[in-house]
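What the coordinates show
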Amino acid sequence: MIILGLMSGTSGDGIDGVAAEFYDNDCFKFLWHKSYKFSERQFTRIQRLIKSATAETITLGHAYISRLYTEACISFFENEKALPDYLAAHGQTVFHHPNIAIWDELELSGTLQLLDGFLLSHLTKLPVIYNFRQADMAVGGQGAPLVPFADLKMFGKNIENKKYRIILNIGGIANVTILQGLPNGSTVKCAFDTGPGNGLMDDYMQLNKLGRFDESGKIASQGKTIDDVLKFFLADPYFEQDPPKSTGREYFCIERIKDRLQNISFSDCMSTLTDLTVESIFRAIKPYIYNTDELVVAGGGALNVELSERLRKKCLLSNVAVKTSTEYGIPVMAREAMAFSILGHAFLNREPGNLPTATGASKEVVLGSLVSVC
Ligand SMILES: Nc1ncnc2c1ncn2[C@@H]1O[C@H](COP(=O)(O)OP(=O)(O)O)[C@@H](O)[C@H]1O
Ligand SMILES: [Mg+2]
């Protein structure tokens, strides 16, 4: 069975698709990864959906994202002989509210991924598994992170007993999965969002019309970090919070911090924001680092040479080798879409895909819903 995992993250850079083949014996094989990049116009519209949505734009946004996912699928299927049997689609997150809000004495939390599974299924003529986060939230979880279940399957082999292996994803937000070796296998010790990934850097670049992102971290590499500003940003209470925890772009956004960046050069700001990402990741993994065999990095941040180099230097001081997921056969931009393909397979097997240690849910539940309008 082939399942195509489809993911568009909070960076709004595009849709990643990963086809994986699943066999009866719980084995699977990565087949291919392709990307559909959002045009400038599509990117701007998605940013507007995130920052200033109305009931009307959200309603139409579901159809819009489904159309973009369909265009992505059509481009992915070109030259492919074997089409997938299922789509496992994440959708586009526009708001994530895992913490409890009180309305009329009622406790509420929620997360919104735009995607109309019915429309996507109709347009692609394939059954669609989607709505992956809702079941976990229904049982008190944060609905995130969901990739740890898949990280264990992708990267959990051959970890020495009691040792940790840290899987780090640097997307718009950064998150880690801490795997731990056991005498007969391995387990997920914990997993959580560490804070900003590329998001604040991307925001800053866009705000100042410097481009969508800092290619290879070139601008940051020309700057100098402003220590007192970095210290101020690192005092954010999110970094002190114990896991389970998750966050979103509505919290770590440039609007909240831009006043502190006034009268500082572009390159110094980018250097400071790069260090904010590196430092907050490093602080989050510090409790595990001395017993860790390797740090496996994935996500677009792995392509930011300056950020990767700063992180690598810090890890080397603690004798931790830094690898990329590509060395495990999963290209850095493919890890999350691959995870949703694995979660789609778990859904079909009625296997729970959330880990209460990671999301804070009260129990394990099967994630997703299946629709078919073929
Ligand atoms: N060549 C590159 N140099 C620097 N940064 C990059 C490069 N390619 C991608 N990125 C960064 O990665 C981000 C996309 O990463 P991704 O893992 O897709 O995040 P998300 O899951 O939030 O969409 C871009 O917005 C950009 O910040
Ligand atoms: Mg992306």
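Residues numbered from 1 in each chain as written. Chains lettered and ligands numbered in written order. Predicted model: local features only at pLDDT ≥ 70, side-chain atom pairs only at ≥ 80, totals over all residues. Heavy atoms only, no water.

Comments concerning the domain arrangement of the chain
Test applied: Where each domain begins and ends is defined by an automated method or by a domain database. Salt bridges are counted wherever a side-chain nitrogen of Lys or Arg sits within 4 Å of a carboxyl oxygen of Asp or Glu. Definition of a polar contact: a pair of N or O atoms within 3.5 Å, with one able to donate and the other able to accept a hydrogen when the atoms are protein atoms, and with sequence-neighbouring residues admitted only if both atoms are side-chain atoms. Where helices and strands are cited, they refer to DSSP runs of H or I of at least four residues and of E of at least two residues respectively, numbered from the N terminus. We call Asp, Glu, Lys and Arg charged. Ala, Val, Leu, Ile, Met, Phe, Trp, Tyr, Cys and Pro are nonpolar, and the rest, Gly among them, are polar.
Once the domains are mapped, the chain shows domain 1 (2-142 + 334-371) and domain 2 (148-328). Connecting domain 1 to domain 2 are four salt bridges. Ionic pairing is found between Glu40 and Arg212, a salt bridge with its closest N-O pair at 3.5 Å. Inspection of the domain 1/domain 2 interface yields nine residue pairs in polar contact (both at pLDDT 80 or more). Going through the elements one at a time, helix H1 (40-51), strand E4 (86-103), helix H13 (335-348) and helix H14 (356-359) are the ones with two or more residues in the side of domain 1 that touches domain 2. Counting residues per element, the side of domain 1 that touches domain 2 draws most heavily on H13, which supplies seven residues. Class assignment of the residues belonging to the side of domain 1 that touches domain 2 gives a composition of 14 nonpolar, 10 polar and seven charged.

Observations concerning the sheet that holds strand E9 (residues 185-196)
Two orientations exist for strands paired in a sheet by backbone hydrogen bonds: parallel and antiparallel. Spelled out, the test is: Note on pairing: two strands pair once DSSP finds at least 2 bridges between them. Working convention: axes come from line fits to C-alpha atoms, limited for helices to the stretch in contact. Angles between N-to-C directions cover 0 to 180 degrees. Contacts: residue pairs with any heavy atoms within 4.5 Å of one another.
Strands sit in the order E9-E8-E7-E10-E11 across an open sheet of five strands; the sheet is mixed. Each having just a single partner strand, E9 and strand E11 (321-324) make up the two edges of the open sheet. If you compare each strand with its neighbour and ignore which way they point, the axes differ by 20 degrees on average. Two strands pair when backbone bridges link them, and strand E10 (residues 292-298) and E11 are joined in this way by four bridges, in the parallel orientation. For Leu295, the partnering residue across the bridge sits in E11 and is Val322. Relative to the sheet, helix H11 (residues 266-289) contacts strand E7 (164-170), strand E8 (173-182), E9 and E10, its axis offset from that of E9 by approximately 150 degrees.

Remarks on the pairing of strand E5 (residues 106-114)
In this sheet, E5 lies alongside E4 in antiparallel orientation, the contact comprising eight bridges. Bridged to Ile102 within E5 is Glu107.

Quick notes on the environment of Leu83
Stated precisely, the cut-off is as follows: To sort residues, take the accessible area from a 1.4 Å probe on protein chains only and compare it with the maximum for the residue type: under 20% means buried, over 50% means exposed, and anything in between is partly exposed.
Relative to the elements of secondary structure, Leu83 occurs in the loop between helix H2 (55-77) and E4. On the accessibility criterion, Leu83 (43% relative accessible area) is partly exposed. With 64 residues separating them along the chain, Leu83 and Ala19 place their C-alpha atoms 9.0 Å apart. Each residue touching Leu83, except ones within four places of it in the same chain, is listed here: Ile2 and Phe77.

Topic: the site of ligand 1
Quick note on the threshold: Here a residue is considered near a molecule or strand provided that any single heavy atom belonging to it is located within 4 Å of it.
The environment of ligand 1 is formed by 20 residues, the closest being Ser11, Gly172, Asp202, Ser216 and Gly300. Between ligand 1 and Thr10, the relevant distance is 3.2 Å, taken from an oxygen atom to a main-chain nitrogen or oxygen of the residue. Tallied by class, residues from the shell around ligand 1 come to four nonpolar, 11 polar and five charged.

Concerning the packing of aromatic side chains
Selection criterion: Think of it this way: a Phe, Tyr or Trp ring, Trp meaning its six-membered ring, pairs with another when their centres are within 6.5 Å, and the plane angle makes it stacked under 30 degrees, edge-to-face over 60, tilted otherwise. Working rule: Lys NZ or Arg CZ, within 6 Å of ring centre, within 35 degrees of ring normal, means a charge sits over the ring.
Under the defined criterion, the tally for this structure stands at 12 aromatic pairs. Judged by centre distance (6.4 Å) and plane angle (80 degrees), the rings of Tyr238 and Phe239 are edge-to-face. As far as burial versus exposure is concerned, Tyr238 and Phe239 are alike and both buried. The interplanar angle of 85 degrees and the centroid separation of 5.6 Å between the aromatic rings of Tyr238 and Phe252 together place this pair among those described as edge-to-face. With Tyr238 in helix H9 (residues 237-240) and Phe252 in the loop between H9 and helix H10 (254-257), the pair connects residues that are 14 residues apart, well separated along the chain. Chaining the aromatic ring pairs together yields one cluster made of Tyr238, Phe239, Tyr251 and Phe252. Here the guanidinium or amino end of Lys34 rests over the ring plane of Trp32, the centre of that ring lying 4.7 Å away. When the ring centre of Tyr238 is taken as reference, the NZ or CZ atom of Lys245 above it lies at 4.4 Å.

Structural notes on the state of the cysteines
Heads up, the condition is: Whenever a pair of cysteine sulfur atoms sits within 2.5 Å, that pair is classed as a disulfide.
This structure, assessed with the given rule, holds zero disulfides. Just so you know, Cys190 is unpaired, no disulfide at all, and the nearest cysteine sulfur is the one on Cys315, 16 Å from it. You can call Cys190 buried: its relative accessible area is 9%. The cysteine Cys269 is free of any disulfide, with Cys253 supplying the nearest cysteine sulfur at 16 Å.

Considerations on helix H6 (residues 199-207)
In terms of burial, H6 is a largely internal element, seven of the nine residues being buried. Taken together, the buried positions of H6 are Gly199, Leu200, Met201, Asp202, Asp203, Tyr204 and Met205. Of the surrounding secondary structure, the elements contacted by the buried residues of H6 are H1, E9, helix H7 (218-221), H10, H11 and helix H12 (305-317). Looking one or two residues past H6, Lys209 carries a phi angle of roughly 55 degrees, positive in sign.

Section: the packing of H1 against H2
For clarity, the threshold we go by: In this scheme, a crossing is called left-handed if the near helix is turned counterclockwise away from the far one by less than a right angle; it is called right-handed if the turn is clockwise.
Where H1 contacts H2, the axes come no closer than 11 Å and their chain directions differ by 145 degrees. The handedness of the crossing between H1 and H2 is left-handed. Residue-level contacts link Gln42, Arg45, Ile46 and Leu49 of H1 to Thr57, Ile58, Gly61, Tyr64, Ile65, Leu68 and Glu71 of H2. By residue class, the composition of the contact of H1 with H2 is six nonpolar, three polar and two charged.

Here's the deal with the pattern of salt bridges
By the definition in use, this model includes 15 salt bridges. Of the charged contacts, one joins Glu351 and Lys153 as a salt bridge, the two residues approaching to 3.7 Å between their closest N and O atoms. Of this pair, Glu351 sits in the loop between H13 and H14 while Lys153 is found in helix H5 (residues 148-155), placing the two residues 198 residues apart along the sequence. Taking the relative accessible area as the measure of exposure, Glu351 reaches 27% and is therefore partly exposed. Residues joined by salt bridges that share partners form a network here, namely Arg165, Asp293, Glu294 and Lys323.

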